[in-house]
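Observations on chain architecture
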Amino acid sequence: MSREGGIVKRRGEKLSLLERYLAVEIEIEFKACLYFFCILFFYSMYRLMCGSAEASILHMGEMIVLTYGMGYFQKYVLAGFDEADRMGIRETGFLFLCVGIYAAVSWLGAWFDRRLPVTFFYAFYMALAYVCGFLVYKIKRALDAKRLNEDLRAFQRRDAAEEDGNS
């Protein structure tokens, strides 16, 4: 198996156009849900701290549309920077760009009543969410590589045992 653009291919088989499309859509869907949860958690805690147990459906709609839009923007314009092997200058710049967009939309949508300290804290929180996501993807790649190497060693041992049995 090999990885090509985050998509796993089986020995010599190419993924169909539909399979590639679905793989990308699932990636974007997963990230949108993850970031929406992060944003909604922050928003909910803010609302509770302000003494309200109610949330605006309009705000939640803006949040989910934003997370999907950012998913497509990150994938097609920023080349999936949050899944990079390392967090270099380019990736850090993209991270700040995305955090800035999230903070700007939260300000324009008045999610946090245009309170500047809360918006700055939210931006910090989103930066932390991106860094955590980067680390999760990095750890997952390392674990996948370890599992694939173990599978390869087992295959090589089995192949060697079969050759010895045929000799």
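See the structure printed just above.
Worth saying up front: this structure is predicted, and the values here are computed from it rather than measured.

Counting its regular elements, the protein contains four helices and two strands. The order of helices and strands in the protein, counted from the N terminus, is β-β-α-α-α-α. The C-alpha radius of gyration computed for the protein amounts to 21 Å, which surpasses the reference 15 Å derived for 167 residues by more than 25%, pointing to a less compact arrangement than a globule. The principal-axis extent of the C-alpha atoms belonging to the protein is close to 80 × 35 × 30 Å. By residue count, 32% of the 167 residues in the protein fall in the buried class. In the protein, the proportion of contacts linking residues at least 24 apart, taken out of those at least 6 apart, comes to 65%. Distance between charge centres in the protein, computed from 21 positive and 20 negative side chains, equals 4 Å.

What follows covers the pattern of salt bridges. Evaluated as defined, the whole model comprises seven salt bridges. With a shortest N-O distance of 3.3 Å, glutamate 27 and lysine 75 are connected by a salt bridge. Residue glutamate 27 is found in helix α1 (residues 17-49), and its partner lysine 75 is found in helix α2 (residues 57-76); the two are separated by 48 residues along the sequence. When the shortest N-O distance is used, the salt bridge between lysine 31 and glutamate 83 registers 2.8 Å. Highlighted residues: lysine 31 in helix α1 and glutamate 83 in the loop between α2 and α3 (89-108), separated in sequence by 52 residues. Since its relative accessible area comes to 9%, lysine 31 is described here as buried. Each of Lys31, Asp82 and Glu83 takes part in one network of salt bridges that share partners.

About the thresholds
Residues numbered from 1 in each chain as written. Predicted model: local features only at pLDDT ≥ 70, side-chain atom pairs only at ≥ 80, totals over all residues. Heavy atoms only, no water. Helix = DSSP H or I, 4+ residues; strand = E, 2+ residues; numbered from the N terminus. Rg over C-alpha atoms; globule rule 2.2 N^0.38 Å. Buried < 20%, exposed > 50% of the residue type's maximum accessible area, 1.4 Å probe, protein only. Contact = heavy atoms within 4.5 Å. Lys, Arg positive; Asp, Glu negative; His and termini not counted. Charge placed at Lys NZ, Arg CZ, Asp CG, Glu CD. Salt bridge = Lys/Arg side-chain N within 4 Å of Asp/Glu carboxyl O.

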